[in-house]
Amino acid sequence: MLTKKLRRLQSFLSVVSRPASHRAKQQYDVVVVGGGHAGTEAAAAAARVGAETLLVTQKIHTVGALSCNPSLGGVGKGHLVKEVDALDGLCGRAADRAGIHFSILNRRKGPAVWGPRAQLDRQRYRDFIQSELLSTPRLTVVEGSVEELLVAEPNPQKPGQHRVTGIRLENGDQQISASAVILTTGTFLSGSLFVGQTSSPGGRIGDAPSSAGLSHTLRERLGLRTGRLRTGTPPRIVKESVDFCLAKLHPADSHPTPFSFLNTHTHCKPDEQLPCYLTLTTPGVERVVRESLHLNCHIQQDAKGPRYCPSIESRVLRFPGRQHQVWLEPEGVTSDLLYPQGLSMTMPPDTQLRLIREIPPLHRAEIHTPGYGVQYDFVCPTQLSPALQVKSTQGLFLAGQINGTTGYEEAAAQGLWAGVNAARSALSMPAAALSRTESYIGVLIDDLSSRGVTEPYRMFTSRAEFRTSLRPDNADLRLTLKGFEEVGCVSSLRYKEAIRVRDTIQDAIAALQAVSLPTSTWRRRFPACNISENKASVLTAMDLLLYSDMSFDMLASEWPERLSPYAEFSQRLKIEAVYRPHCDKQKKEIERIQREESMVLPDDMDYWSLPVSLSREARETLDRVRPSTLGAATRLEGITPAAIVTLLNYVRFKERNETKAQRHKSNRKGEREEDLFATNASLQH
Ligand code: FAD
């Protein structure tokens, strides 16, 4: 074990110490630019699919760095982490290794929308990602800054269609050819950092922005449309200077739930987890924000910031007079710093200190590093195909914040999918697709490529129409088998485990369905379940599991021989039982919608007067966009599956009525013609 670790360390040091130009070969299948959350998943996925892959990043020691809050997951975002893991990505396993506070958010709601989240130790997370990358076959990691994309002359047969042929590195003029290039440069494209009234070029603090040559190639040479967005980060606070007794303790879950389907427990033991704390802003915070607005140029800019992770300035200006939540979260096991989530700010450093001291537990706090803002260019993602390839440039893929998203999880999910497809393109395999009906990754990519973004995009469960079947607990059964059999990004070890899980769960369901008793007997045995009188006369144990007061363990204690072999999956079976009826119904609806995707929606349909149950928002959207087919309607924001089924039923009903009316009319015409024929015939006789 120790020797393996030493070997990894040696190989890591050897990669860091040699200049990039001496290490990289001249030719790769796939080159990934940027070693953030998108780039690391992209590089690992491309190599898993079988492509010779090169990851070029500005600084090797920042590979896998958590630029902002050291945390992963949350509502919607946790689903993405589980799906990345199900496709054999890195971030779920890295979080299980580095997590120091695990909790499932949104527990008051159903398990379909629970949000697994972990606070992480920055250093452990980075170490895990780096050691995984450096031990991935077919993957080379080098330090260097990419100056320019190499682009072949456009094909005269296809004007406007470009092809990327490789990259050129800064300082040294080294060129590397590649069949596919993935850009994952995050906030670095024309990046500017802001604190108070000063601004300087940069991708994040301590890092230079991407070279101007890269932006030039994208905009001028390839003609891509770009926009400008902004984000920010809070000051880091010296832990010792915080009065925790003035904040509310937020303990971790007593049984930490791992992200990865390969892990049964997390590295951090339950009692080793570190606490987080919650506090609130005071009127003094609002006063400092207002008094310092003229000293804060980031907040005065037009570029849109993240609506769902806004700066304290935006929160105060948008909701005056309110108290805002601030989470005080640890940065790591040995770190002396604290991350105040909710206090991202860009005012001058001395004003930042004045502001945080208006918050009771921070009344004597010291700032280690001031907060800052960053503005950057993004590429409008409607120019991408569902494989995340630039439609007008063969071989060029984009993933992560460069596509207008915010967050590690969104970046990782796109990175993995771009890596898969860049490798498949380089190896002359057809593109792989993920739909909205099978994954949150499919929802994310479809939203980006078909709707685009007007502000930094983050994932929410409400974006997924089919969320009762796209649950965090079943991401392995939805994606791992496909990932191995069709996509080629999943190892056989993980595949075998997913097959075992699938088969065991199927056997367990069959065993539960085989226990069948008269309803009156169930009522006597489990009176607390309140089984209603008018239920079917016979119910199975699977039907019973649906009741909130019933657990798998209660059933297994009654039929230990039949059911206890499946105790390992007791929670998954409970969730399966609860969602099965919804999912069966939804599955039929999905199949019907998929069959009817090309159904034409009449041009002259008056959506406002349709005599069906459709929300005002749905009517307004349909009337404004006037989608030509049912498939196009499914992709509109705010159009729910229920609205689609309503539309489908209405159009089919109308068509049936029209056919009937026409048949009736032609029968009448036929009858009249027959009468005429009979009259003529009698006249002829
Ligand atoms: P990054 O993780 O930024 O990685 C980009 C990588 O590309 C870097 O390693 C960089 O060195 C490399 N690179 C850039 N140009 C080149 C080049 N020319 N050649 C070689 N390498 C290059 N997310 C949230 O969810 N919530 C937040 O509150 C939040 N706040 C943030 C605040 C700040 C200041 C920053 C910088 C980011 C913040 N994020 C936040 C975003 C989060 O860090 C990103 O969404 C996520 O890291 C994006 O991942 P990425 O892989 O696209 O880019």
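Here the structure is a predicted model, which is why all the values come from computation and not from measurement.

> Explain unusual backbone geometry to me, please; I cannot follow it from the model alone.
With phi around 55 degrees, Ser428 is a residue other than glycine that occupies positive phi space. You can see Ser428 is positioned in the loop between helix H11 (408–426) and helix H12 (440–451). Positioned with a positive phi, Arg626 is a non-glycine residue whose angle comes to about 50 degrees. Here Arg626 is to be found in the loop between helix H20 (616–625) and helix H21 (630–634). Overall, Arg626 belongs to the partly exposed group, its relative accessible area being 31%.

> Sorry, what's going on with the domain arrangement of the chain here?
Accessible area lost when the parts come together is the quantity often used to give the size of an interface. Each domain of the chain was delimited in the assignment, giving domain 1 (26–479), domain 2 (491–595) and domain 3 (607–684). With five residues of domain 1 in contact, the opposing surface of domain 3 contributes six residues. A combined buried area of about 440 Å² lies between domain 1 and domain 3, and 50% of that area is made up of carbon and sulfur atoms. On the domain 1 side of the contact with domain 3, Asp446, Arg451 and Glu465 bury the most area, a combined 75% of that side's loss. Linking domain 1 with domain 3 are zero salt bridges, by the criterion used here.

> Can you walk me through the nonpolar core in this structure?
Side chains of nonpolar character tend, in soluble globular proteins, to be buried together. Within the largest apolar cluster, 112 residues are counted, with the highest numbers of intra-cluster contacts made by Val30, Val31, Leu149, Ile167, Leu396 and Trp417. Broken down by element, the residue count for this core peaks at 11 residues, all from H11. Residues lining this core come from more than one domain, with at least three contributed by each of domain 1 (26–479) and domain 2 (491–595). Sequence-distant contacts of Trp417, that is, excluding residues within four places in its chain, are made with Leu87, Pro386, Ala387, Leu388, Ala432, Ala433, Leu434, Ile445 and Val487. If you look at the next biggest cluster of nonpolar residues, it comprises 28 residues, including Ile505, Cys529, Ala556 and Ala577.

> Explain the packing of aromatic side chains here, please?
Aromatic ring pairs are described here by two measures, namely the spacing of the ring centres and the angle between the planes. By the definition in use, this model includes four aromatic pairs. Ring centres 4.6 Å apart and planes at 35 degrees place the aromatic pair Phe244 and Tyr277 in the tilted group. Of this pair, Phe244 sits in the loop between strand S13 (236–238) and strand S14 (248–250) while Tyr277 sits in strand S15 (residues 276–280), and the two are 33 residues apart along the sequence. Accessibility expressed as a relative area gives 22% for Phe244, which makes it partly exposed. One aromatic cluster is present, built from ring pairs that chain together Trp522, Phe526 and Trp559. Across from the ring centre of Tyr457, 4.0 Å away, lies the NZ or CZ of Arg463, which sits over that ring.

> Please explain the pattern of salt bridges as it appears in this structure.
Any two side chains of opposite charge can pair, given that their charged atoms come close. This structure, assessed with the given rule, holds 39 salt bridges. Arg471 is the partner of Glu576 in a salt bridge, and the nearest nitrogen-oxygen pair spans 3.3 Å. Of this pair, Glu576 sits in helix H19 (residues 570–595) while Arg471 sits in the loop between H12 and helix H13 (475–487); the two residues are 105 residues apart in sequence, bridging distant segments of the chain. The exposure class of Glu576 is partly exposed, given its relative accessible area of 23%. Look at Arg471 and you get buried, because its relative accessible area is 1%. Its salt-bridge partner being Asp623, residue Arg626 comes within 2.9 Å of it at the nearest N-O pair. Overlapping salt bridges bring together Arg436, Asp446, Asp447, Arg451 and Glu465 as one network.

> Would you take a moment to explain the site of the ligand for this structure?
As a structural note, the neighbourhood of the ligand is formed by 35 residues, with Ala38, Gln58, Ser210, Gln401 and Gly407 the closest of them. Between the ligand and Gly232 there is a distance of 3.3 Å, counted from a nitrogen atom to a backbone nitrogen or oxygen. Relative to its unbound accessible area of 970 Å², the ligand is 96% covered by the protein chains. Of all elements in the fold, only helix H3 (37–49), strand S2 (53–57), strand S12 (226–233), strand S19 (372–379) and H11 reach the threshold of two or more residues within the shell around the ligand. With three residues, S12 is the single largest residue contributor to the shell around the ligand. Tallied by class, residues from the shell around the ligand come to 12 nonpolar, 21 polar and two charged.

> Where do I start with the pairing of S2 in this structure?
Moving residue by residue along a regular strand, the side chains alternate between the two faces of the sheet. S2 sits mainly inside the fold: five of its five residues count as buried. Residue alternation in S2 divides its side chains into two sets, Thr53, Leu55 and Thr57 and Leu54 and Val56, and both sets are buried. Sheet topology note: the strand S1 (residues 27–33)/S2 ladder contains four bridges and is parallel. Note that in S2 the partner of Val31 across the bridge is Leu54. Two elements, S2 and strand S6 (residues 139–143), share five bridges in a ladder whose sense is parallel. Looking at S6, one finds that Thr57 is bridged to Glu143.

> It is not clear to me how H12 should be interpreted in this structure. Could you clarify?
Owing to its 3.6 residues per turn, the α-helix brings residues three or four apart onto one side. In a regular helix each residue adds 1.5 Å, so 12 residues correspond to 16 Å; H12 covers 16 Å between its end C-alpha atoms and thus fits that length. Extensive coverage of H12 is indicated by the burial of 10 of its 12 residues. Along H12, the residues that are buried comprise Tyr440, Ile441, Gly442, Val443, Leu444, Ile445, Asp446, Asp447, Leu448 and Ser449. Turning to H12, the residues buried within the fold contact helix H4 (77–86) and H11. Between the side-chain oxygen at the start of H12 and the backbone nitrogen of Gly442 there is a gap of 2.8 Å, and the oxygen is on Ser439.

> Help me understand the sheet that holds strand S11 (residues 198–201) in this model?
Sheet strands pair via backbone hydrogen bonds, and the direction of the pair is either parallel or antiparallel. Spatial ordering of the open sheet is given by S11-S10-S19-S12, a layout of four strands whose pairing is antiparallel. Both edges of this open sheet fall to S11 and S12, since each of them pairs with a single strand only. Strand-to-strand twist in this sheet, taken as the mean axis angle between neighbours without regard to direction, amounts to 25 degrees. The pairing of strand S10 (residues 192–195) with S11 spans four bridges and is antiparallel. Note on S11: the bridge partner recorded for Ser192 is Pro201.

> Is there a simple way to explain H4 in this structure?
Counting buried positions along H4 yields 10 of 10 residues, so the element is predominantly enclosed. Among the residues of H4, Lys77, Gly78, His79, Leu80, Val81, Lys82, Glu83, Val84, Asp85 and Ala86 are the ones counted as buried. Downstream of H4 by a residue or two, Asp88 has a phi angle that is positive, lying close to 75 degrees.

What counts, and at which threshold
Residues numbered from 1 in each chain as written. Predicted model: local features only at pLDDT ≥ 70, side-chain atom pairs only at ≥ 80, totals over all residues. Heavy atoms only, no water. Helix = DSSP H or I, 4+ residues; strand = E, 2+ residues; numbered from the N terminus. Buried < 20%, exposed > 50% of the residue type's maximum accessible area, 1.4 Å probe, protein only. Domains from an automatic or database assignment. Contact = heavy atoms within 4.5 Å. Buried area = accessible area lost by both parts, 1.4 Å probe. Salt bridge = Lys/Arg side-chain N within 4 Å of Asp/Glu carboxyl O. Core = buried A, V, L, I, M, F, W, Y, C linked by side-chain atoms within 4.5 Å. Phe/Tyr/Trp six-rings, centres within 6.5 Å; stacked < 30°, edge-to-face > 60°. Lys NZ or Arg CZ within 6 Å of the ring centre and 35° of its normal. Near = heavy atom within 4 Å. Polar contact = N/O pair within 3.5 Å; in protein donor to acceptor, adjacent residues only side chain to side chain. Areas by Shrake-Rupley, 256 points an atom, 1.4 Å probe, with all protein chains shown as cover. Nonpolar A, V, L, I, M, F, W, Y, C, P; charged D, E, K, R; others polar. Pairing = 2+ DSSP bridges. Expected span 1.5 Å × (residues − 1). Axes fitted to C-alpha atoms, helices over the stretch in contact; angles between N-to-C directions.

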